[in-house]
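Residue strings, one per chain:
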Amino acid sequence: MCLGQSKIRLESLREKQYDIGQKGLVIYMKKILDLISEELKNAFEAAGYDRELGRVTISNRPDLCEYQCNGAMAGAKQYKKAPIMIANEVAEKLEGSKVFAEVSAVMPGFLNLKVKEEFLTSYLKEMAVAEKFGLNLPANPKKVVVDYGGANIAKPLHVGHMRSAVIGESIKRILRFCGHDVIGDVHLGDWGLQMGLIITELKERHPEWVYFDENFEGEYPAEAPFTISELEEIYPTASGKSKEDAAYKAKAMEDTFKLQSGVRGHRAIWEHIKNVSIADLRVNYGNLNVDFDLWLGESDVHDLIPEMVDFMKESGHAYISEGALVVDVKKETDTKEYPPCMILKSDGASLYNTTDLATIMDRMRKIGPEQIIYLTDKRQELYFEQVFRCAFKTGLVPEDMKLQWIGFGTMNGKDGKPFKTREGGVMRLERLIRETTDGMYQKISENQALPEAEAKETAKQIALSALIYGDLSNQASKDYVFDIERFASFEGDTGPYILYTIVRIKSILNKYTEAGGNVAACVLADAANAAEKDLVKELAKFNTVMESACEELAPHKICAYIFDLANAFNHFYHETKILSETDEAKKAGWIALLDLTKKVLETCIDVLGFSAPERM
Ligand code: ARG
């Protein structure tokens, strides 16, 4: 009997629709490797062996075969048989398979596999019409908060802020694309000593302002008495002074205290500081294509703190140590030191910890997430471990809550030290984006004459792809070298190369349409050559890659995938004269393939956080 024909009916890929799979996924389309493995498993079983031996992997010798199965080697001991004998028996059962064009048992017992073009075509046809290209969606979507960005009020964004924003944005989009219910929160630093410092400095400069008149009872002006550039100059000045002058620092601490305890004038001037700064942050994050659902900050949970403190005291976990209120977070199994988590300082003031814990309490009440993901640089590892332990121990979150911290590495210059401007200062994000965009504008202007407005917009898009892809293509936890010449190149593993590939496809599709063709009506056909088959196989990996990027919160996996996909496409493109093909059905098949490639690439860059222009 020929199993291939009886067990897998390609037409029935959709049969499994809305089955709940092992991981609680709604199985819409099986993964290509699972389908292939299933065929092998059936053959192992039919030959009298354990079906689990039939696991298939992508070949590590693409010159010999496309996929391979080493199950016969694994089964040799169990069945006391030479592996090649098992492999031969399995290969026999696969004769006439609808999936395989070639199955060969080779010494000492490998099964080398080549799949049929028709099998791939039918898979791709399903994929092309499936929602989200056949991605399996969760039966029970998770509610997730992504806490990223982490900007501080009145401090300009610098390159260090780019990683949190870009990685967090992509993780948010990946989770959302994969069917989860995701809320992004910027979690502004808007409440600590830095606020007091700014108020102190403003008071030094403008003691006559009504905000500082304690007897003032009227309405404060609606208009802020300063601009963002003034604010940005004030913070470093104040911070510098406080380091040298103890009396100044004491004033700043007092102003922080007054602000936090609700003194009217302090609150009013702080509102201005916050509004002016947020307006600027919106522009800057907007330029990065980063967008938050919530613009909450540390200050928003201030009023929750007393209640949280009571809760922690009542649960018996928080106690006074040297005047401060602390919670022990060390565990017996620890191999390193975990200092207690400080909830309130001895003067009653709250800390970074306090607001993070109160924010957890607030999110649990108002949003009720099952998972919170934080993005900060690697140096905050111990801090988050303390906060998480404290949240679990005191019962702020249930045991099955997932609190997850992703620490990212440093963005270094070519000298291996944290990235700086040419003059050696801290690089502001605004300047980085501007300089990259200007450079890109020149580059594309040399290539072709686009209308001014389009050239500007296109330069912006390509520059953003260079920055975002340059960052995301590295595993988040690793440090990386920021090399704008490399990132901005139209060749190699770069964002602009991906965009260039998309633009190339768009241009072919446009020409096809201009010549009277109807792209939407084109039907995929079986691959006619090796390059085309490679492209088809890359496309078929989409759901596998997206699912694993989502599970591992790993945007770099999507980058690696689209780089392979773009390479496969460009290889095919160079081997094939598409538009001059005279066999119309063949041409239409290619057009359909291009259209799908374009859509998959566009979907992927969208979850990475950038987009492609029409031409470049
Ligand atoms: N504002 C903080 C900083 O500049 C980052 C905030 C990160 N998020 C958090 N929930 N603690 O370091």
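See the structure printed just above.
Residues numbered from 1 in each chain as written. Predicted model: local features only at pLDDT ≥ 70, side-chain atom pairs only at ≥ 80, totals over all residues. Heavy atoms only, no water.

Engineer: Is there a simple way to explain the site of the ligand in this structure?
Structural biologist: Neighbouring the ligand are the residues D147, G150, N152, H187, Y352, D356, Y374, T376, Q380 and F384. Within the backbone of G150, an N or O atom sits 3.0 Å from a nitrogen atom of the ligand. N152 is positioned with one of its side-chain polar atoms (N or O) 2.9 Å from a nitrogen atom of the ligand. Its free accessible area being 350 Å², the ligand has 84% of it covered by the protein chains. The set of elements that each furnish at least two residues to the shell around the ligand consists of α12 (352-366) and β13 (371-377). Of the residues in the shell around the ligand, the class split is 3 nonpolar, 5 polar and 2 charged. (Near = heavy atom within 4 Å. Polar contact = N/O pair within 3.5 Å; in protein donor to acceptor, adjacent residues only side chain to side chain. Areas by Shrake-Rupley, 256 points an atom, 1.4 Å probe, with all protein chains shown as cover. Helix = DSSP H or I, 4+ residues; strand = E, 2+ residues; numbered from the N terminus. Nonpolar A, V, L, I, M, F, W, Y, C, P; charged D, E, K, R; others polar.)

Engineer: Looking at this structure, I do not really get the packing of aromatic side chains. What am I missing?
Structural biologist: Geometry of an aromatic ring pair is reported as the spacing of the ring centres plus the angle between the planes. Applying the stated criterion to the full structure yields 26 aromatic pairs. Measuring from centroid to centroid gives 5.2 Å for Y211 and Y220, while their planes differ by 10°, and the two rings are stacked. Of the residues examined, Y211 reaches a relative accessible area of 5% and is grouped as buried. Ring plane angle 70° and centroid distance 5.9 Å describe the contact between Y497 and F563, whose orientation is recorded as edge-to-face. Of this pair, Y497 sits in helix α17 (residues 495-514) while F563 sits in helix α20 (residues 555-575), and the two are 66 residues apart along the sequence. Y497 gets classed as buried once you look at its relative accessible area, which sits at 11%. Put simply, the rings of Y352, Y374, Y383, F384, F388 and W405 pair up and form one aromatic cluster. It is R389 that lies over the ring of Y338; its NZ or CZ is 3.8 Å from the centre. Here K456 stacks its cationic end above the ring of Y441, 5.4 Å away from the centre of that ring. (Phe/Tyr/Trp six-rings, centres within 6.5 Å; stacked < 30°, edge-to-face > 60°. Buried < 20%, exposed > 50% of the residue type's maximum accessible area, 1.4 Å probe, protein only. Lys NZ or Arg CZ within 6 Å of the ring centre and 35° of its normal.)

Engineer: Please clarify how the environment of E118 should be interpreted in this entry.
Structural biologist: With respect to the helices and strands, the residue E118 is situated in helix α5 (residues 117-129). Given the relative accessible area of 42%, E118 is considered partly exposed. Residues E118 and A466, 348 residues apart in the sequence, show an inter-C-alpha distance of 38 Å.

Engineer: What should I look at first to understand the environment of L53 in this one?
Structural biologist: With respect to the element layout, L53 can be found in the loop between α2 (32-46) and β3 (56-58). Classification of L53 as buried rests on a relative accessible area of 12%. In sequence terms L53 and T121 are 68 residues apart; their C-alpha atoms lie 27 Å from each other. Apart from the residues within four sequence positions on either side, L53 is in contact with F44, C69, G71, A74, G75 and Y79. (Contact = heavy atoms within 4.5 Å.)

Engineer: Would you mind showing me how to read the nonpolar core here?
Structural biologist: Most often, soluble globular proteins keep nonpolar side chains buried together rather than apart. Core analysis: the largest hydrophobic core is formed by 161 residues, its most contacted members being L40, M162, Y285, L432 and V600. Per-element accounting of this core gives the leading share, 13 residues, to helix α21 (residues 584-608). Each residue touching M162, except ones within four places of it in the same chain, is listed here: L288, M411, L429, L432, L467, D471, Y480 and F482. (Core = buried A, V, L, I, M, F, W, Y, C linked by side-chain atoms within 4.5 Å.)

Engineer: Just to check I follow, could you spell out α12 for this structure?
Structural biologist: In an α-helix, one turn spans 3.6 residues, which is why side chains three or four residues apart end up on the same side. Compared with the 21 Å implied by 1.5 Å per residue over 15 residues, the 21 Å span of α12 between its first and last C-alpha is a close match. Along α12, the residues that are buried comprise N353, T354, T355, D356, L357, A358, T359, I360, M361, D362 and R363. A positive backbone phi angle near 65° is found at G368, which sits one or two residues after α12. (Expected span 1.5 Å × (residues − 1).)

Engineer: Explain the packing of α2 against helix α4 (residues 83-93) to me, please; I cannot follow it from the model alone.
Structural biologist: Taken N-terminus to C-terminus, the directions of α2 and α4 make an angle of 115°; their axes are 8 Å apart at the nearest point. One element, α2, and the other, α4, form an angle in the roughly perpendicular class. In this structure, α2 crosses over α4, and the sense of that crossing is right-handed. Where α2 approaches α4, its residues L40, A43, F44 and A46 are matched on the opposing element by I86, V90 and K93. Its residues assigned to classes, the contact of α2 with α4 shows 6 nonpolar, no polar and 1 charged. (Axes fitted to C-alpha atoms, helices over the stretch in contact; angles between N-to-C directions. Parallel < 35°, antiparallel > 145°, perpendicular 65-115°, else oblique. Left-handed = near helix turned anticlockwise from the far one by under 90°.)

Engineer: Sorry, what's going on with the sheet that holds strand β10 (residues 318-321) here?
Structural biologist: Whether parallel or antiparallel, the strands of a sheet pair through hydrogen bonds between backbone atoms. Judged by pairing direction, the sheet is antiparallel, and its 3 strands sit side by side in the order β10-β11-β12 without closing on themselves. The sheet is open, and its two edges are formed by β10 and β12 (341-344), each paired on a single side. Between one strand axis and the next, the sheet turns through 45° on average, direction left out of account. Relative to strand β11 (residues 324-327), β10 runs antiparallel, the two being bridged by 4 bridges. Each bridged residue has a counterpart across the sheet, and for Y319 the counterpart in β11 is V326. Relative to the sheet, helix α11 (residues 305-314) contacts β10, β11 and β12, its axis offset from that of β12 by approximately 125°. (Pairing = 2+ DSSP bridges.)

Engineer: Looking at this model, I keep getting lost on the pattern of salt bridges. Mind explaining?
Structural biologist: Side-chain pairs of opposite charge can arise whenever the charged atoms involved come near each other. The tally for this structure, following the rule as stated, stands at 48 salt bridges. A salt bridge links E454 to R615; its shortest N-O distance comes to 2.7 Å. With a gap of 161 residues between them, E454 in helix α15 (residues 452-472) and R615 in the segment after α21 connect regions that are remote in the sequence. Classification of E454 as partly exposed rests on a relative accessible area of 23%. Put simply, E66, E117, K533, D534 and K537 are held in one network by salt bridges that share partners. (Salt bridge = Lys/Arg side-chain N within 4 Å of Asp/Glu carboxyl O.)

Engineer: Just checking my understanding: could you explain the sheet that holds strand β5 (residues 100-106) for this structure?
Structural biologist: Across the sheet, 4 strands lie side by side as β3-β4-β6-β5; this open sheet has antiparallel pairing. In the strand order of this sheet, the two ends are held by β3 and β5, each with one partner. Between one strand axis and the next, the sheet turns through 25° on average, direction left out of account. In this structure, β3 lies alongside strand β4 (residues 67-69), joined through 3 bridges in antiparallel fashion. Paired with V56 across the two strands is C69, which belongs to β4. In this fold α2 packs onto β3, β4, β5 and β6 (110-115), with an angle of close to 140° to the strand it touches most, β3.

Engineer: What is the right way to read α11 from this model?
Structural biologist: Within α11 the residues assigned to the buried category are I305, M308, V309 and M312. The buried residues of α11 occupy an angular sector of 100° when projected down its axis, which confines them to one face. Those residues of α11 that are buried are in contact with β10, β11, β12, α12 and α13 (381-393). Trailing α11 by a residue or two, G316 shows a phi angle of about 85°, which is positive. (Arc of directions from axis to C-beta.)

Purely spatial values, then, with no claim about function.
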